[in-house]
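# What the coordinates show
Each chain, letter by letter, is given below.
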Amino acid sequence: MGLARTLTARAITLIAVLILVVLMVVTVLGATGMSDKLLGAIVDERLRAERQSLSQSIRDPDELNRVMEARKLELTRLYGLDVPWYLRLPQMAYRVLALDLGNARSLKSFKGSRVISDIVLERLPNTLLLMTSAIAISAVLGLVVGVKIGTHPGTRKDRGLSYFSAISFALPTWWTGILLILICAYSFQMAFGFKLFPAGGMYSSPPPTDPWLRVVDVAYHAALPVITLVVALVGSYTYTARTIVLNVAQEDFVTVARAKGVPEGIVERRYIMRVAAPPILTNIIIGLAGSIGGAILTEAVFNWPGMGTLYYQAILQMDEAVIIALTYIFTLVYVAGRFILEVLYIVLDPRVRY
């Protein structure tokens, strides 16, 4: 009963964090005047385009001005500029918290829909394919390699892989992506007459019509950005796993187990990995939860239509409804990941108690 009460309290705390994040975004957008200014700029731009169009059919300047004034009032009410931000944005935040994401101001889905849920559902599978695959591969490789070198410190393999981990951790993903595009796309084409991997995009032009060929085509286009992310991310997972395992391997209970003649495999599984698992798992789960947000620079380099690109476009066009909705979704996924960790800690190590 005590454990259930503690987990319930943690869940309530994480939900409070979720609400606080959305309220902070609303406050920043409204109190700074950014929302009103940019929405006003959108209204002015639409009025300018409509005036230019109507001037071809309405020759009387006074009549044109009356029509434009009426249109300005309509657009002002449409964008909510006739009410203060502290009345407009909290209503939007409340709808988002209730999972009623509403409609985007300027962004559209690939099919032309302004419904934010449609826009997100189109982009989310693309990001899951790219980011989650890369993080899962990096985490598995980092865990396997990090555990091996962490239990045999000081060897040549340990030093070599540690240097690689440091280099990998320091590599910017956008720079790595550009370098791999130059090597695998343009250099191969110049040297051998074909591209090892496409330079960007998600499909060939025109895309295959056969479903299986379409899957192969997507995998072919995703290969280079996934390789880019793995090269840049695997070092941090390897170094984290190595450091944690190395610290645990030097504990007295591990030394005693080896002194008693316990087989090395059992020492690694039961005495080292079981204690090292919670912090390693934290790194992996938080990384997977964060992958839903995509990678803005990497997706931009490879022209990949994912969540990172969507967030970037929403900021550029100052589509506040999309910004608030995406912030809520990303925070919701993070909160869910944190709560899953709270449960997994106890499953992995029954000694953990609050």
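Presented here is an overview of the structure given in this document. (Residues numbered from 1 in each chain as written. Predicted model: local features only at pLDDT ≥ 70, side-chain atom pairs only at ≥ 80, totals over all residues. Heavy atoms only, no water.)

### Description of the packing of helix α7 (residues 173-192) against helix α8 (residues 211-249)
Just so we agree on the cut-off: Here an axis means a line fitted to C-alpha atoms, over the contact stretch when the element is a helix, while the angle between two N-to-C directions is reported on a 0 to 180 degree scale. Think of it this way: any DSSP run of H or I at least four residues long counts as a helix, any run of E at least two long counts as a strand, and we number them from the N terminus. Note that the term roughly parallel is reserved for angles under 35 degrees, roughly antiparallel for angles over 145, roughly perpendicular for angles of 65 to 115, and oblique for everything else. It is the rotation of the near helix from the far one that decides the hand of a crossing: anticlockwise by less than a right angle makes it left-handed, clockwise makes it right-handed. Throughout, a residue-residue contact means that at least one pair of heavy atoms, one from each residue, lies within 4.5 Å.
Running from amino to carboxyl end, α7 crosses α8 at an angle of 135 degrees, the nearest separation of the two axes being 9 Å. One way to sum up the angle between α7 and α8 is to call them oblique. Judged by the twist between their axes, the crossing of α7 over α8 is right-handed. Within the contact between the two elements, α7 uses Thr173, Thr176, Gly177, Leu180, Ile181 and Cys184 and α8 uses Leu224, Ile227, Thr228, Leu229, Val231 and Ala232.

### So, a nonpolar patch on the surface
Spelled out, the test is: Within this analysis, patches are made of residues with over 30% relative accessible area and no salt bridge. Like charges are joined at 9 Å or less; nonpolar side chains (Val, Leu, Ile, Met, Phe, Trp, Tyr) at 5 Å or less. Using the Shrake-Rupley algorithm and a 1.4 Å probe, accessible areas are obtained, with residue cover drawn only from the displayed protein chains. Salt bridge, as used here, is a side-chain nitrogen of Lys or Arg placed within 4 Å of a carboxyl oxygen of Asp or Glu.
A surface patch of nonpolar side chains, about 1000 Å² in accessible area, is lined by Trp174, Trp175, Ile178, Leu179, Leu182, Ile183, Tyr186, Ile296, Leu297, Tyr312 and Leu316. No other element matches α7, which puts seven residues into the nonpolar patch. Tracing the backbone through its elements, the reader meets leucine 179 in helix α7.

### Quick look at α8
Heads up, the condition is: Multiply 1.5 Å by the residue count of a helix minus one, and that product is the helix's expected span. What the bend at a residue measures is the angle between two axes, fitted to the seven residues ending there and to the seven starting there. Pairs of N or O atoms within 3.5 Å make up the polar contacts considered here, provided that, within protein, one atom can donate a hydrogen while the other can accept it, and that residues adjacent in sequence are counted only when both atoms are side-chain atoms.
A rise of 1.5 Å per residue sets the reference length of α8, with its 39 residues, at 57 Å; its end C-alpha atoms lie only 50 Å apart and thus fall more than 12% short of the reference. A maximum bend of about 35 degrees is found in α8 at alanine 223, where proline proline 225 lies one to four positions downstream. Between the side-chain oxygen at the start of α8 and the backbone nitrogen of tryptophan 212 there is a gap of 3.1 Å, and the oxygen is on aspartate 210.

### Observations regarding the packing of helix α5 (residues 116-150) against helix α12 (residues 307-316)
Our working rule: Note that Gly is not counted as nonpolar here; it falls among the polar residues with everything else outside the nonpolar set of Ala, Val, Leu, Ile, Met, Phe, Trp, Tyr, Cys and Pro and the charged set of Asp, Glu, Lys and Arg.
With their axes 8 Å apart at the nearest point, α5 and α12 run at an angle of 135 degrees to one another. As far as their axial angle goes, α12 and α5 are oblique. Note on element contacts: α12 touches α5 through Met307, Gly308, Thr309, Leu310 and Gln313, opposite Ile119, Val120, Arg123, Leu124 and Thr127. Among the residues making up the contact of α5 with α12, the classes are represented as five nonpolar, four polar and one charged.

### Some words on the pattern of salt bridges
Definition in use: A simple rule labels every residue: compare its accessible area, found with a 1.4 Å probe on the protein chains alone, to the largest value its type can have, and call it buried under 20%, exposed over 50%, or partly exposed in between.
Taken as a whole and assessed by the stated rule, the structure comprises four salt bridges. Across the salt bridge formed by glutamate 63 and arginine 66, the nearest N and O atoms sit 2.6 Å from each other. On the criterion of helical spacing, the pair formed by glutamate 63 and arginine 66 is a turn pair, its members being three residues apart in helix α3 (residues 61-78). Between aspartate 158 and arginine 242 there is a salt bridge whose closest N-O contact spans 2.6 Å. Of the two residues, aspartate 158 is situated in helix α6 (residues 156-170) and arginine 242 in helix α8; the sequence distance between them amounts to 84 residues. A single burial state applies to aspartate 158 and to arginine 242, both of which are buried.

### With respect to empty space enclosed by the protein
Gaps left between atoms show up when a probe the size of a water molecule is rolled over them. Where we set the bar: Think of a 1 Å grid over the protein atoms and nothing else: a 1.4 Å probe that fits but is trapped marks a cavity, an open set flanked by protein within 12 Å on at least five of seven lines marks a pocket, and residues with an atom within 4 Å of a point count as lining. Grid points are joined across faces, edges and corners, and a volume is the space filled by probe spheres set on the points.
Enumeration over the complete set of coordinates arrives at one cavity of 30 Å³ or more. As for the largest cavity, its lining consists of Ala139, Gly142, Leu143, Tyr237, Thr240, Ala241, Ile280, Asn283 and Ile284. Among the elements of the structure, α5, α8 and α10 (264-291) are those that each provide at least two residues to the lining of the largest cavity. Residue classes in the lining of the largest cavity are distributed as six nonpolar, three polar and no charged.

### Quick notes on the side chain of histidine 221
Structurally, histidine 221 can be placed in helix α8. Polar side-chain contacts of histidine 221 include one of 2.9 Å to the backbone oxygen of aspartate 217. Excluding anything up to four places from it in sequence, histidine 221 contacts Pro198, Gly200, Gly201, Met202, Tyr203, Ser204 and Trp304.

### Regarding the packing of aromatic side chains
In plain terms, the rule: When two rings of Phe, Tyr or Trp (its six-membered ring) have centres within 6.5 Å they constitute a pair, described as stacked for plane angles under 30 degrees, edge-to-face for angles over 60, and tilted for the intermediate range.
Applying the stated criterion across every chain, the model contains two aromatic pairs. For the ring pair phenylalanine 197 and tyrosine 220, a centre distance of 6.2 Å and an interplane angle of 35 degrees mean the geometry is tilted. Here phenylalanine 197, found in the loop between α7 and α8, pairs with tyrosine 220, found in helix α8; they are 23 residues apart in sequence, far enough to count as distant. Residues tyrosine 311 and phenylalanine 330 carry aromatic rings whose centres are separated by 5.4 Å and whose planes lie at 40 degrees to one another, so their mutual orientation is tilted. Highlighted residues: tyrosine 311 in helix α12 and phenylalanine 330 in helix α13 (residues 320-348), separated in sequence by 19 residues. Assessed through its relative accessible area of 17%, phenylalanine 330 is described here as buried.

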